[in-house]
Amino acid sequence: MIDTASLRAEQVEKAKAVVKQDRLGFDEPKWIAGADVGFEQDGKITRAAIAVLSYPSLELVEYRVARVPTSLPYIPGLLSFREYPALLAAWERLTIVPQLVFVDGQGIAHPRRLGVASHFGLLVDVPTIGVAKSRLCGHHDELEPFAGAVSPLIDKEEQIGWVWNSKARCKPLYISIGHRVSQESALFWVERSMRGYRLPEPTRWADAIASRRPAFMRWLAAHPEKNVDEG
């Protein structure tokens, strides 16, 4: 039987270690990564994809995909424990070490302030930003219907992130501190990693790799020497 109370207590303790100020280690990064996690075989396998992009060109230069047996069933609020083993496996295969990682998921915009972006950031001690496609907790003012509209995401009188319209006529993104990044810098770096799509380039490429979308297949055809074994 899974001791969910202990896992929640662990989240509370780990959340205290999250650094919510800029300790980036760079003025401008050379490498930015995106991370995406999904599940295969009816949830038995956890798949993580990490895409490394050069900055400021935002061109894909390396990727890794890891598949590991899923160690925890889906439990609301405890998703990071389910996802981080595959993320670590993919991270350990990289030959280029990113200086900033965008994670498709929550950072501190979590009831116990430890979503997967914060949990993973603590484990690898790299600046991370949570870029989620849906809200887990908190409330915000209604956004104006144009690209660039933004509102603070508030929970229990604390700002836990931003709600940001990355593109007109699309649902907003929920951006939050992962680790070693301030609120202002989290939004700043996401804004500067856009290329006209709803998602910033790092997580857009991670999703394309994980799902083997046409854009990624075209990239592979143009860079056959960078085709790597996945497992």
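Rules of the game
- Chains are numbered independently. Their residues run from 1 in the order of the written sequence.
- Two thresholds apply to this predicted model, a pLDDT of at least 70 for residue-level local features and 80 or more for giving and counting side-chain atom pairs, whereas whole-chain, interface and lining totals are computed over all residues.
- By convention in this description, side-chain values take in all heavy atoms of the structure and omit both hydrogens and water.
- UniProt positions are given in the numbering used here, feature names are shortened, and annotations may be inferred rather than shown by experiment.
- A helix here means a DSSP run of H or I that spans at least four residues, while a strand means a run of E at least two residues long, and both kinds are numbered starting from the N terminus.
- Pairing of N or O atoms within 3.5 Å defines a polar contact, subject to two protein rules: one partner must be a possible hydrogen donor and the other a possible acceptor, and residues neighboring in sequence count only if both atoms are side-chain atoms.
- Contact definition: two residues touch when any of their heavy atoms are within 4.5 Å.
- Burial status follows relative accessibility: with a 1.4 Å probe on protein chains alone, a residue under 20% of its type maximum counts as buried, one over 50% as exposed, and anything between as partly exposed.

As named in an unreviewed UniProt entry, the protein chain is Endonuclease V, taken from Leminorella grimontii. The UniProt entry for the protein chain carries the following comment under Sequence similarities (unreviewed entry): "Belongs to the endonuclease V family." Quoted verbatim from the Function (unreviewed entry) field of UniProt, the annotation for the protein chain is "DNA repair enzyme involved in the repair of deaminated bases. Selectively cleaves double-stranded DNA at the second phosphodiester bond 3' to a deoxyinosine leaving behind the intact lesion on the nicked DNA."

Tracing the backbone through its elements, the reader meets Glu62 in strand β3 (residues 60-69). Here Ile96 takes part through its backbone nitrogen, which lies 3.0 Å from a polar atom of the side chain of Glu62. Beyond its immediate sequence surroundings of up to four residues, Glu62 is in contact with Ile50, Ala51, Val52, Arg93, Leu94, Thr95 and Ile96.

In this section: the environment of Pro200. Positionally, Pro200 belongs in the loop between α4 (183-191) and α5 (201-210). Given the relative accessible area of 0%, Pro200 is considered buried. Separated by 34 residues in the primary sequence, Pro200 and Ser166 place their C-alpha atoms 8.4 Å from one another. Not counting the four nearest positions on each side in its chain, Pro200 is found in contact with Phe102, Val131, Leu173, Val190, Ser193 and Met194.

Here we take up the UniProt feature "site: Interaction with target DNA" (unreviewed entry) in the protein chain. The residues that UniProt annotates with the feature "site: Interaction with target DNA" (unreviewed entry) are Tyr74. Among the structural elements, Tyr74 can be located in the loop between β3 and α2 (79-92). The class for Tyr74 is exposed, based on a relative accessible area of 55%. The residues contacting Tyr74, other than those within four sequence positions of it, are Leu79 and Arg82.

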